[in-house]
Amino acid sequence: MTKSELIAKIASKYPTLYLSDIEKIVLTIINVVSENIAKGNRVELRGFGTFGLKELKARKSRNPRTGATVFVENKRIPYFRMGKKLKERKLSHFSYY
């Protein structure tokens, strides 16, 4: 689902709200989550999941093209971990789990 599809779905569920207001709300939520992750804070939305940063240690790696050994520095990558309610909901929708 894209951001515009999310906005359209919310608008169809709540027809009394203005589309511009819904768009501002969705963008504000995304911006607040993004800013907090960039600052290194963890963001938890109960029932949905947790956003945060994972620290990866420096290590030696290999360039797949040349085979040469390269040094990869420390880096921080964003992650999302599903909440319990979302995981239960997801599991009930798919038969192969």
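The coordinates are above.
Scoring rules and cut-offs
Residues numbered from 1 in each chain as written. Predicted model: local features only at pLDDT ≥ 70, side-chain atom pairs only at ≥ 80, totals over all residues. Heavy atoms only, no water. Pairing = 2+ DSSP bridges. Helix = DSSP H or I, 4+ residues; strand = E, 2+ residues; numbered from the N terminus. Axes fitted to C-alpha atoms, helices over the stretch in contact; angles between N-to-C directions. Contact = heavy atoms within 4.5 Å.

K.L.:
Go over the sheet that holds strand β1 (residues 43-45) with me, naming the residues and quoting the values.
P.N.:
Ordered by their spatial adjacency, three strands build an open sheet running β1-β2-β5, and the pairing between neighbours is antiparallel. Where the open sheet ends on each side, the last strands, each with one partner, are β1 and β5 (75-82). Direction aside, the axes of adjacent strands within the sheet are offset by 25° on average. Relative to strand β2 (residues 49-56), helix α2 (residues 19-38) is tilted by about 30°, and along the sheet it contacts β1, β2 and β5.

K.L.:
Describe the environment of K75, with residues and values.
P.N.:
By secondary structure assignment, the location of K75 is in strand β5. Among residues more than four places away in sequence, those in contact with K75 are K54, E55 and L56.

Just geometry here; none of it tells us what the structure is for.
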